[in-house]
Protein chains: 2
Amino acid sequence: MRLTAKSEYGLIATIDLACNFGLGPVSAREISERREIPARFLEQLFVSLRRAGLVTAQRGARGGFKLSRDPEQITVLDVVEALEGPLETSVCDHERASGCGRSASCAASSVWSKATRALRDVFAETTLAELAGTQEAMDDRTSVV
Amino acid sequence: MRLTAKSEYGLIATIDLACNFGLGPVSAREISERREIPARFLEQLFVSLRRAGLVTAQRGARGGFKLSRDPEQITVLDVVEALEGPLETSVCDHERASGCGRSASCAASSVWSKATRALRDVFAETTLAELAGTQEAMDDRTSVV
DNA sequence: CGAATCCCTACAGGATGAGTCGTGTTTGGG
DNA sequence: CCCAAACACGACTCATCCTGTAGGGATTCG
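Residues numbered from 1 in each chain as written. Chains lettered and ligands numbered in written order. Predicted model: local features only at pLDDT ≥ 70, side-chain atom pairs only at ≥ 80, totals over all residues. Heavy atoms only, no water.

Caption draft 1: The arrangement of the confidence of the model for chain A in detail. When pLDDT is averaged across chain A, the result is 88; 84% of the residues are at 70 or more. Note that pLDDT drops below 50 for residues 93–104 of chain A; the model gives that stretch 22 contacts with residues more than four away or on any other chain. (pLDDT = per-residue confidence, 0-100. Contact = heavy atoms within 4.5 Å.)

The structure is reproduced here in structure tokens:
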């Protein structure tokens, strides 16, 4: 499947944007400081997120990013696939699975498919709005900013 | 999660053993040829599988491997964890998730936990006996050996 | 005895993940 | 009007790890 730090950071960042939805744009630097994410690395992630149409960029001073849709309309799956590529191709079902007809080595591949589907379901069910809720509760409890 | 070729090959190999359960031991070379898996690489996988107690080795001429339990008593999860290590630590929930109390960056981590659980459920539900069934049907259809 | 087979360790090479750097472009504000 | 803040893009490094190979040793059957 290949879930890397990109997904981790990217999700944290988009949750942060969801928390600030409706207000002005939030700069990458701000998020990187607040959530302890390497700044230049985060920048790259935002490029991918923007290209996937999930966030909108505002360049120049006082610029930043905001979600381009309502947080309820963006799922974890959207974020993950924007950053890592399509889920299907990332579990184990590559060449060998398609060589099915020949070497018949694919009773195994049915398991990977099921696994991918299960993962996809979890990700598709969870929206940023939902996570923003939990996140705000957490932030409030730890320190009132 | 980190699902690599080890799991792919390992599962194919153990399914093969499940198909031959009750008969004599099957050599690594035989499986490597039948399923087109690099021989020396497969050897290594069997070492891990043996250490995990999933297979039993018979050394010497006419030796080989057999499942040490009934195929219905071995799940895909057993095989995967024997080869890749515990599932929990492999999705995304490492340090950051435990630093929860401090930087409050873990609304995200709840998603990874759910994902891991979903994956684990799929793997834990599927037994080698089940897969051996499908595999035999496939092998029969492609060529009657 | 000898061939087959498993057992163990080490190692190589390539991919990729994680993160940095330099530079360019846009834009709001003093 | 110009500068600083901010995004945009691509190249690049560094380490890890996946994939697979190699060589030798230990067992066991015929």
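From this point, the narrative continues.
Caption draft 2: Looking closely at the packing of helix α7 (residues 107–125) of chain A against helix α7 (residues 107–125) of chain B. Where α7 of chain A meets α7 of chain B, the axes come as close as 9 Å, and the angle between the chain directions of the two elements is 150°. The orientation of α7 of chain A relative to α7 of chain B falls into the category roughly antiparallel. When the axes of α7 of chain A and α7 of chain B are compared, the crossing they make is right-handed. Residues Val111, Trp112, Lys114, Ala115, Ala118, Leu119, Val122 and Phe123 of chain A of α7 of chain A form the contact with α7 of chain B, whose own contacting residues are Val111, Trp112, Lys114, Ala115, Ala118, Leu119, Val122 and Phe123 of chain B. Residue composition of the contact of α7 of chain A with α7 of chain B, by class: 14 nonpolar, no polar and two charged. (Axes fitted to C-alpha atoms, helices over the stretch in contact; angles between N-to-C directions. Helix = DSSP H or I, 4+ residues; strand = E, 2+ residues; numbered from the N terminus. Parallel < 35°, antiparallel > 145°, perpendicular 65-115°, else oblique. Left-handed = near helix turned anticlockwise from the far one by under 90°. Nonpolar A, V, L, I, M, F, W, Y, C, P; charged D, E, K, R; others polar.)

Caption draft 3: Examining the nonpolar core more closely. Core analysis: the biggest nonpolar cluster contains 82 residues, and Leu11, Phe46 and Phe123 of chain A together with Leu11, Phe46 and Phe123 of chain B have the highest contact counts within it. With sequence-adjacent residues up to four places away left out, leucine 11 of chain A is seen in contact with Val76, Val79, Leu128 and Leu131 of chain A together with Ala108, Val111 and Trp112 of chain B. (Core = buried A, V, L, I, M, F, W, Y, C linked by side-chain atoms within 4.5 Å. Buried < 20%, exposed > 50% of the residue type's maximum accessible area, 1.4 Å probe, protein only.)

Caption draft 4: Up close: the protein's contact with DNA strand D. In the vicinity of DNA strand D, 29 residues are found, and the nearest of them are Ala28, Arg29 and Arg50 of chain A together with Arg40 and Gln44 of chain B. Of what DNA strand D places within 4 Å of the protein, 66% of the atoms are sugar or phosphate. Between threonine 4 of chain B and DNA strand D, the recorded distance is 3.1 Å, taken from a side-chain N or O atom to a phosphate oxygen. For the surface near DNA strand D, the element with the most residues is helix α3 (residues 39–51) of chain A, which contributes five residues. (Near = heavy atom within 4 Å. Polar contact = N/O pair within 3.5 Å; in protein donor to acceptor, adjacent residues only side chain to side chain.)

Caption draft 5: Local environment of the protein's contact with DNA strand C. Close to DNA strand C lie 29 residues; Arg40 and Gln44 of chain A together with Ala28, Arg29 and Arg50 of chain B are nearest. Close to the protein, within 4 Å, the atoms of DNA strand C are drawn from sugar and phosphate at a rate of 63%. One of the backbone nitrogen or oxygen atoms of glycine 60 of chain A is found 3.4 Å away from a base oxygen of DNA strand C. Of all the secondary-structure elements, those providing two or more residues to the surface near DNA strand C are α1 (5–19) and α3 of chain A together with α2 (28–34), α3 (39–51), β1 (55–58) and β2 (64–67) of chain B.

Caption draft 6: Quick look at the packing of α3 of chain B against helix α4 (residues 76–84) of chain B. All names here are of chain B. Running from N to C, α3 and α4 point in directions that differ by 110°, and their axes come no closer than 9 Å. In terms of orientation, α3 lies roughly perpendicular with respect to α4. The two elements α3 and α4 meet at a crossing, and its hand is right-handed. Residues Leu45, Ser48 and Leu49 of α3 form the contact with α4, whose participating residues are Val79, Ala82 and Leu83. When its residues are assigned to classes, the contact of α3 with α4 shows five nonpolar, one polar and no charged.

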